Amino acid sequence: MASPSTVTVSQDAAGRWFVSLLCEDTIPDAAATNAAVGVDVGLDSLLTLSTGEKVANLRHERRDRDRLALAQRRLARKVKGDGANRAKARIKVARIHARIADRRRDHLHKLTTRLVRDNQTIVIEDLTVANLVKNHSLARAIFDVAWRQFRELLEYKADWYGRTVVAVDRWFPSTKLCSACGTLAETMPLGVRTWICRCGVVHDRDVNAARNLLAEGLSVIACGGGVRPQRESSRMGQSSAKQETQRATAGLPPLTGERCQPMNVRGRKCSR
Ligand SMILES: [Zn+2]
């Protein structure tokens, strides 16, 4: 056990107290069992891996979301003058928010730890926030936060364990491309969960997208673009929630794979 260098005490909107300890720690080297994996993130399945594995969204999330919507409506109805009741309603909303956030953080921590432990290279899609705020539904809002958090956790853990995270350009047509023959489908409406390519291969929408992301990510690495420099000094990890946010904001700019233009997965050209 190390003695903490910083101790931070804070209180959140739900009235809960937190103590955060900042400690120096050395992370042991551990080889990944798998070379690379593609990860598709979505509203139906939280994560779909290129291996075909699907990770569902949290079981309680839908119910929590309904409760949150109800509590928010009740808060909105409280009249301005009624201070005590309004404050009570506000704390209720904050508590539900906090519970959703806690469960999500716990879930994402477990998922990212497993992904980083098992895989040397992890390819994700570079979803930008500006792209995501168009849809104002609560489900989408929660997804947006989860996605940002997923990427933050993934990137700092990858740094700790000497893994590579590649973020593929968001314009790459991961959903429309056949991962078997490279044919680009003209359209792929949101409701389509499975589709058959002209080559005869039946695709699960998300698994196919994850496979395309993997192929694109590997070609980005092969073309020399998009590889995050390994920062050896950062392998001396510091474990603390405070450190997490520092790492996230100090992160490298999003990778766009600009040297490799997204083309047919098989017939890729390097512009180098
Ligand atoms: Zn095909």
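Provided above is the structure to which this section pertains.
This report concerns the structure included in the present document. (Residues numbered from 1 in each chain as written. Predicted model: local features only at pLDDT ≥ 70, side-chain atom pairs only at ≥ 80, totals over all residues. Heavy atoms only, no water.)

**Some thoughts on the coordination of the zinc ion**
Distances from the zinc ion to its protein donors, Cys 178 (SG), Cys 181 (SG), Cys 197 (SG) and Cys 199 (SG), fall at 2.2 to 2.3 Å. Coordination at the zinc ion is tetrahedral, judged from the four donor atoms that bind it and the angles of 106 to 114 degrees they form at the metal. When the donor residues of the zinc ion are listed from N- to C-terminus, their spacing reads C-x2-C-x15-C-x1-C. Placement of the pair is Cys 178 in the loop between strand S7 (164-168) and strand S8 (194-196) and Cys 197 in the loop between S8 and strand S9 (202-204), with a sequence separation of 19 residues. When its relative accessible area of 6% is taken as the criterion, Cys 197 is described as buried. (Donors = N, O, S within 2.8 Å, 3.2 Å for Na, K, Ca; no water. Tetrahedral: all angles 85-135°; square planar, octahedral: opposite > 155°, others 65-115°. Helix = DSSP H or I, 4+ residues; strand = E, 2+ residues; numbered from the N terminus. Buried < 20%, exposed > 50% of the residue type's maximum accessible area, 1.4 Å probe, protein only.)

**Overview of the pattern of salt bridges**
Side chains that differ in sign of charge can pair as their charged atoms come close. Counted under the stated rule, the structure contains 13 salt bridges. Note that Arg 16 is salt-bridged to Asp 12, the shortest N-O span being 2.8 Å. Residue Arg 16 is classed as partly exposed on the basis of its relative accessible area of 27%. With a closest N to O distance of 2.8 Å, Arg 193 and Asp 206 form a salt bridge. One end of the pair, Arg 193, is in the loop between S7 and S8; the other, Asp 206, is in helix H5 (residues 205-222), and 13 residues separate them in sequence. On the basis of relative accessible area, Arg 193 is assigned to the partly exposed category, the value being 31%. Linked by salt bridges that have partners in common, Asp 12, Arg 16, Asp 102 and Arg 105 make up one network. (Salt bridge = Lys/Arg side-chain N within 4 Å of Asp/Glu carboxyl O.)

**Topic: a positive patch on the surface**
There is a patch of like positive charges on the surface, built from Arg 73, Arg 74, Arg 77, Lys 78, Lys 88 and Lys 92. In terms of residue count, helix H1 (residues 61-77) provides more of the positive patch than any other element does, three residues in total. Positionally, Arg 73 belongs in helix H1. (Patch = residues over 30% accessible without salt bridge, like charges linked within 9 Å, V, L, I, M, F, W, Y side chains within 5 Å. Areas by Shrake-Rupley, 256 points an atom, 1.4 Å probe, with all protein chains shown as cover. Lys, Arg positive; Asp, Glu negative; His and termini not counted. Charge placed at Lys NZ, Arg CZ, Asp CG, Glu CD.)

**Side note on a nonpolar patch on the surface**
Together, Val 7, Val 9, Trp 17, Val 19 and Leu 21 make up an exposed nonpolar region whose accessible area comes to about 540 Å². Secondary structure elements with two or more residues in the nonpolar patch: strand S1 (6-11) and strand S2 (17-24). The element best represented in the nonpolar patch is S2, accounting for three residues. In this structure, Val 9 sits in strand S1.

**Description of empty space enclosed by the protein**
Applying the stated criterion across every chain, the model contains one cavity of 30 Å³ or more. Roughly 30 Å³ of volume is contained in the largest cavity. Contributing to the lining of the largest cavity are Val 41, Leu 46, Leu 47, Leu 108, Ala 146, Trp 147 and Phe 150. Looking at the lining of the largest cavity, the elements with two or more residues in it are strand S4 (45-49) and helix H4 (138-161). With three residues, the top contributor of residues to the lining of the largest cavity is H4. By residue class, the composition of the lining of the largest cavity is seven nonpolar, no polar and no charged. (1 Å grid on protein atoms, 1.4 Å probe; cavity = no way out; pocket = protein on both sides within 12 Å on 5 of 7 lines; lining within 4 Å. Points joined across faces, edges and corners; volume = space filled by probe spheres on them. Nonpolar A, V, L, I, M, F, W, Y, C, P; charged D, E, K, R; others polar.)

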